[in-house]
Amino acid sequence: MQASLEDEWLWGWDATPGIVSVWAERTGRAVVWRRAAGSDTLTREEDRFRPWLLLPALDDLTHLGARLLPEEAPGAELFDSVAWRELTGAGQFRYLVSASDSRTLEAAVLAGASARLKRQITRLADLGDEAALSLPPEEQYLVATGRTYFGGLAFDDLHRLQFDLETTGLNPAQHSIFLVAVRDNRGFSAVLDVAERGLDGPAAEADLIRRLVALIRQRDPDVIENHNLHGFDLPFLARRAELLGVTLALGRIGGGLRRRPASRGYGPWRGAEADASERDEARGRYTVAGRELIDTLDAVRRYDFAARDLPGHGLKAVARHFGLASPDREYVAGAQVYQTWLVDPARVRHYALDDVNEADGVARLLGGAAFALARMAPRRYERLADAGPATGVLDPLLVRAYLRAGAALPARSVSDGVQHSGASLYLFAAGVATRVVKADVSSLYPSLMRQYRIGPASDRLGALLALVDRLVEQRLAAKRRARAAPPGSRERHTDEALSAAMKILVNSAYGYLAAPGLTRFADVHAANEVTRRGRAVLGLLCRELAARGATLIEGDTDGVYFAVPEGWSEADERRIVAEVATLLPPLIRLEFEGRYAAMLSHEPKNYALLAWDGALTLRGVAFRSSRAEPFGEIFLREAIAALLIDDIPGVRRAYLAMVEALQRRTLATRLVAARVRLSKTPERYLATRGARREASYEAVLASGRTRWEQGEHALVYRATGGQPALLPTTDDGEPSDDPRDYDATHYIRLLRETFAARLARAFTPDDFATLFDNPIQPSLFASPIETIHPTLTARMAPPVEGDEQ
DNA sequence: TTGTCGCGGGG
DNA sequence: GTGTACGCGACAA
């Protein structure tokens, strides 16, 4: 099959299969490791490439005289020549220059620039973004050859190894490693610890690190994975190895573990570290020759960026959420791990092995998207795994596309000060609605880009739109193949991962436009045209649905919740959605997303839905907050479940029952306690205690403790008299006691003012006051509960055509 | 109500 | 080789 230019833009043009790692040097040497699908044979190949970079002009190179040659001239390939080629069309970077060694190339450019500017320039970066475009050596190699990673491989063809450190604390300057769990996807697993070789102290830890390095070299994995690998295990290991004088020869050649600059996108966050050096430590990324270092936390963030359904991003929470935790999973609270090891080492070994097994499960479940991206984009797998999709994937694809077409590239976009406009968000009605339908446009923004051919003005080749077109088409094909493949098969995993990767890219195309200064081809005017069209589409949907009898509830960006009149069937609901769908252009596809028995509309993006099968979903911060005291959510679920079936006495019963349980303290203390994290050290809190008291730390101090570990979790509540109190817990964070001395009045007030308040939109003020009267001072004017029904109150009319906000 | 600060993850 | 995250919640003013 003849591949089109556009297919080459997406997939490259060199089909060399099985590349699992690339290590390229400035000398023009590239080492490529390849693996055959379904076999354990690894081959290492040496390749040569000509390091290259892009320049706006050749002026800074004319000092080379006869050593500067057009690419096709005899002698252009000689070791001390610099070859050039002019790229076509308008664009800042019109010259592709190359040499047999990038040091020759850069030295020539720097000498010319220094002479021109009459000052010594020592680094390309000092010339600024517009003076040169240069990529890391591996990317130069991949762009020049058209090769990509992982051709013909499935995820588990990679040899993937997970290791997890257990340490005496979080700070490598004062804590140490005492155990390491290791496993791989070839059936190996082991636990190494400091106690098994008759050594003590630093000698035992140094020996443990040496054994870990030897074991990794012996297993020889392509990929090393763990949760927070770059944020914890690698920096901790690197620091301990440095302090102990151990070399971390983890690579397949050349040895050492190196830092690489933090990528944009999903890098470790700026933490609460005390000083700048600690902060740098936390921001770092690591790399070794021949292996890819993959952090499953990046995959989790990338997943949750769109899904937003994870309770947290920690390994245990994610594993439980996806059902990856084994039934005999051992849990030990972080701060207790070392203490537990001292008294029950077997338990900690079990725990650490559970951790690496779960890290493998998370990598397999969520890591496929980055794996699939690496089959497309000219970057190392480990860089694609932590990159933002716009700067980290689309930009490299576009740079490769332009060079493949021999076209000049623009300088990176800069903001021209034009404001970026957003989507529309409407709350049409608040309160309780019944017979509710959700309709939305799938992938609205990329569909608008395709429908109206909205792309960056500077993209003369139309490459971004061409990529989006192909991604959308090929994603549909991948989804079809995935559905046809047997569940659990490698074919299915591969195609599902491909589909996920393509979805990430398609959905980031709009964000790419809206990021001047970050992406090369950003175009805020184009981005604004997309959102303007989007607002028009949403406005049209709302008007046309309302004209067909729908009661609008909420409209947000690309979708609408609406209620239909009593007596309508599901067929009627589908009919009006289908009718409105025909009013939209062909690529803008309105879909019937779901139907619900009832909905409580509270605020934009904050609502509760009752499905026809009785399942209750709460959405938005008003209804779900990880920090909220458990009794509040228990009450809300019960009260809303009753509210949505018009059982107002049931709402009242839920309220009174909770009031009584609090008043008589039949409710367990843990249900009023909030789970907090003690993020400050005792020293740091005591330093600011005078100026600012914080309930969490006051609770610990009030319990008689003066010491705690930084990062320790605690259950905190308000005791009688308003005093902050600590609920004692066992090692695994479960309450070990139940003093039942909480401040009932305080929690009853919280119940009314914070939790019951979230039902206020469903009632008139009088009815609300009647339902949730202060049980301590009942209202004198209560109307009978039986006469109260929830209401839906109109907030605004549908936007008028051409006047969408 | 408005601003400021801190969190997230790892032991 | 460097820097620029981000969106939300709690608390103080």
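This text goes with the structure placed above it.
Residues numbered from 1 in each chain as written. Chains lettered and ligands numbered in written order. Predicted model: local features only at pLDDT ≥ 70, side-chain atom pairs only at ≥ 80, totals over all residues. Heavy atoms only, no water.

Undergrad: I'm lost on the overall build of chain A in this one. Help?
TA: Within chain A one finds 24 helices and 25 strands. Here chain A has a C-alpha radius of gyration of 31 Å; the compact-globule value for 805 residues is 28 Å, and the two agree. When its C-alpha atoms are laid out on the principal axes, chain A stretches across 100 × 75 × 60 Å. Scored against the burial criterion, the 805 residues of chain A give a buried share of 52%. Summarising the internal contacts of chain A: among those between residues at least 6 apart in sequence, 68% fall at separations of at least 24. Surface summary for chain A: the accessible area is close to 35000 Å², and the carbon and sulfur share equals 51%. For chain A, the centre of its 102 positive side-chain charges and the centre of its 107 negative side-chain charges are spaced 2 Å apart. (Helix = DSSP H or I, 4+ residues; strand = E, 2+ residues; numbered from the N terminus. Rg over C-alpha atoms; globule rule 2.2 N^0.38 Å. Buried < 20%, exposed > 50% of the residue type's maximum accessible area, 1.4 Å probe, protein only. Contact = heavy atoms within 4.5 Å. Areas by Shrake-Rupley, 256 points an atom, 1.4 Å probe, with all protein chains shown as cover. Lys, Arg positive; Asp, Glu negative; His and termini not counted. Charge placed at Lys NZ, Arg CZ, Asp CG, Glu CD.)

Undergrad: Explain the nonpolar core to me, please; I cannot follow it from the model alone.
TA: One finds Leu54, Phe150, Met376, Tyr381, Leu409, Leu541 and Phe562 to be the most contacted residues of the largest nonpolar core, which totals 104 residues. Tallying contributions element by element places helix H16 (residues 490-513) first for this core, with 10 residues. Each residue touching Phe150, except ones within four places of it in the same chain, is listed here: Ile19, Val20, Leu158, Phe371, Ala374, Arg375 and Tyr381. Among the nonpolar cores identified, the runner-up in size contains 51 residues, and Val651, Val659, Leu715 and Leu751 belong to it. (Core = buried A, V, L, I, M, F, W, Y, C linked by side-chain atoms within 4.5 Å.)

Undergrad: So what exactly am I meant to see when it comes to helix H15 (residues 463-484) here?
TA: Because each turn of an α-helix spans 3.6 residues, side chains separated by three or four positions end up pointing in the same direction. With 22 residues, H15 extends 31 Å between its outermost C-alpha atoms, agreeing within 8% with the 32 Å of an ideal straight helix rising 1.5 Å per residue. Those residues of H15 that sit buried are Ala463, Leu464, Leu465, Ala466, Leu467, Val468, Asp469, Leu471, Arg475, Ala478 and Ala482. (Expected span 1.5 Å × (residues − 1).)

Undergrad: Would you explain empty space enclosed by the protein in this entry?
TA: Over the atoms a probe the size of a water molecule is rolled, and this reveals where empty space is left. Tallied over the entire structure, the rule returns four cavities of 30 Å³ or more. For the largest cavity, the calculated volume is near 70 Å³. In terms of lining residues, the largest cavity is bounded by Ile294, Asp295, Asp298, Ala299, Arg302, Leu366, Gly367, Ala369, Ala370, Tyr381 and Ala385. Mapped onto the lining of the largest cavity, the elements with two or more residues apiece are strand S14 (292-295), helix H7 (296-307), helix H11 (368-374) and helix H12 (381-385). The biggest single contributor to the lining of the largest cavity is H7, with three residues. Of the residues contributing to the lining of the largest cavity, the split by class is seven nonpolar, one polar and three charged. (1 Å grid on protein atoms, 1.4 Å probe; cavity = no way out; pocket = protein on both sides within 12 Å on 5 of 7 lines; lining within 4 Å. Points joined across faces, edges and corners; volume = space filled by probe spheres on them. Nonpolar A, V, L, I, M, F, W, Y, C, P; charged D, E, K, R; others polar.)

Undergrad: Sorry if this is basic, but what is going on with the pairing of strand S23 (residues 712-719) here?
TA: In terms of residue burial, S23 counts as a mostly covered element, since six of its eight residues are buried. The sheet contact formed by strand S22 (residues 674-678) and S23 spans five bridges and is antiparallel. Within the sheet, the bridge partner assigned to Ala674 lies in S23 and is Val716. Where S23 meets strand S24 (residues 723-727), five bridges bridge the pair, whose relative direction is antiparallel. Across the sheet, residue Arg718 finds its bridge partner in S24, namely Pro724. (Pairing = 2+ DSSP bridges.)

Undergrad: Is there a simple way to think about the packing of helix H14 (residues 444-451) against H15 in this case?
TA: The relative placement of two packed helices comes down to the angle between their axes together with the axis-to-axis distance. Where H14 contacts H15, the axes come no closer than 10 Å and their chain directions differ by 120°. The pairing of H14 with H15 is recorded here as oblique in orientation. For the pair H14 and H15, the sense of crossing is left-handed. Between H14, through Pro446, Met449 and Arg450, and H15, the contact on the second element is made entirely by Leu464, Leu465, Val468, Asp469, Val472 and Glu473. Its residues assigned to classes, the contact of H14 with H15 comprises six nonpolar, no polar and three charged. (Axes fitted to C-alpha atoms, helices over the stretch in contact; angles between N-to-C directions. Parallel < 35°, antiparallel > 145°, perpendicular 65-115°, else oblique. Left-handed = near helix turned anticlockwise from the far one by under 90°.)

Undergrad: Looking at this model, I keep getting lost on H16. Mind explaining?
TA: The terminal C-alpha atoms of H16, which comprises 24 residues, lie 35 Å apart, in line with the 34 Å expected from a rise of 1.5 Å per residue. For H16, the principal kink sits at Asn507 and spans about 30°. (Bend = angle between axes of the 7 residues up to and from the residue.)

Undergrad: Teacher, can you tell me more about the packing of aromatic side chains here?
TA: For the structure shown, the criterion picks out 21 aromatic pairs. Note on Phe635 and Phe772: the rings are 6.5 Å apart at their centroids and 85° apart in plane angle, and the pair reads as edge-to-face. Here Phe772 lies in the loop between helix H24 (765-771) and strand S25 (792-794) and Phe635 lies in helix H19 (residues 630-643), a separation of 137 residues in the sequence. Taken together, Tyr149, Phe150, Phe155, Phe371 and Tyr381 form an aromatic cluster joined through their ring pairs. Sitting above the plane of the Phe592 ring, Arg574 keeps its charged end 4.0 Å from the centroid. (Phe/Tyr/Trp six-rings, centres within 6.5 Å; stacked < 30°, edge-to-face > 60°. Lys NZ or Arg CZ within 6 Å of the ring centre and 35° of its normal.)

Undergrad: What should I look at first to understand the sheet that holds strand S8 (residues 160-167) in this one?
TA: Through backbone hydrogen bonds, the strands of a sheet pair up, either in parallel or in antiparallel fashion. Read from one edge of the open sheet, five strands run S10-S9-S8-S11-S14, paired in mixed fashion. Because the sheet does not close on itself, it has two edges, and the strands there are strand S10 (189-193) and S14. Pairwise comparison of adjacent strand axes, ignoring direction, gives a mean angle of 20° for this sheet. In the sheet, strand S9 (residues 177-184) pairs with S10 via five bridges, with the strands oriented antiparallel. Looking across to S10, one finds that Leu179 is bridged to Asp193. Along the sheet, H7 contacts strand S11 (223-226) and S14; its crossing angle with S14, the most-contacted strand, is approximately 50°.

Undergrad: Please explain the sheet that holds strand S6 (residues 82-86) as it appears in this structure.
TA: With mixed pairing, four strands are arranged side by side in an open sheet as S4-S7-S6-S5. Each end of this open sheet is capped by a strand with a single partner; those strands are strand S4 (52-55) and strand S5 (68-70). The sheet shows a mean angle of 30° between the axes of neighbouring strands, direction not considered.

Undergrad: Quick question: what am I supposed to make of the pairing of strand S17 (residues 551-556) here?
TA: Remark: a regular strand shows side chains that alternate across the two faces of the sheet. A large share of S17 lies buried, amounting to five of its six residues. One ladder, built from three bridges, connects strand S15 (residues 425-427) with S17; its direction is antiparallel. Counted as the bridge partner of Leu427 is Glu554 from S17. Strand direction decides the pairing type here: S17 and strand S18 (residues 559-563), joined by five bridges, are antiparallel. Looking at S18, one finds that Glu554 is bridged to Tyr561.

Undergrad: So what exactly am I meant to see when it comes to the pattern of salt bridges here?
TA: Pairs can form between side chains of opposite charge once their charged atoms are near each other. Per the stated rule, a full pass over the model turns up 67 salt bridges. One salt bridge connects Arg450 with Asp469, and the closest N-O pair in it is separated by 2.7 Å. One end of the pair, Arg450, is in helix H14; the other, Asp469, is in helix H15, with 19 residues separating them in the sequence. On the accessibility criterion, Arg450 (14% relative accessible area) is buried. We classify Asp469 as buried; its relative accessible area is 12%. What you see here is one network of salt bridges that share partners, running through Arg35, Asp40, Arg186, Asp220, Asp222, Arg252 and Arg291. (Salt bridge = Lys/Arg side-chain N within 4 Å of Asp/Glu carboxyl O.)

Undergrad: Explain the packing of H7 against helix H10 (residues 345-366) here, please?
TA: Here H7 crosses H10 at 45°, and the two axes come no closer than 9 Å. One element, H7, and the other, H10, form an angle in the oblique class. For the pair H7 and H10, the crossing hand works out as left-handed. For the pair formed by H7 and H10, the contact residues are Thr296, Ala299, Val300 and Tyr303 on the first element and Ala359, Val362, Ala363 and Leu366 on the second. For the contact of H7 with H10, the per-class residue count stands at seven nonpolar, one polar and no charged.

Undergrad: Looking at this structure, I do not really get the side chain of Glu139. What am I missing?
TA: Take Glu139: it is sitting in helix H3 (residues 137-145). Within the local environment of Glu139, its side chain forms a polar contact with the side chain of Arg383, the two groups lying 2.8 Å apart. Apart from residues no more than four positions distant in its own chain, Glu139 is found in contact with Pro378, Arg379 and Arg383. (Polar contact = N/O pair within 3.5 Å; in protein donor to acceptor, adjacent residues only side chain to side chain.)

Undergrad: What's the story with a positive patch on the surface in this structure? I'm lost.
TA: Residues Lys479, Arg480, Arg483 and Lys503 make up a contiguous surface patch of positive charge. For the positive patch, the leading source of residues is H15, giving three residues. Mapped onto the elements, Lys503 comes out in helix H16. (Patch = residues over 30% accessible without salt bridge, like charges linked within 9 Å, V, L, I, M, F, W, Y side chains within 5 Å.)

Undergrad: I'm lost on the environment of Leu229 in this one. Help?
TA: In this fold, Leu229 is placed in helix H5 (residues 229-244). A sequence separation of 110 residues divides Leu229 from Arg119, and the C-alpha atoms of the two residues are 42 Å apart. Look past the residues within four positions of Leu229 in its chain and what remains in contact with it is Phe163, Ile224, Leu234, Pro235, Leu293, Ile294 and Asp295.

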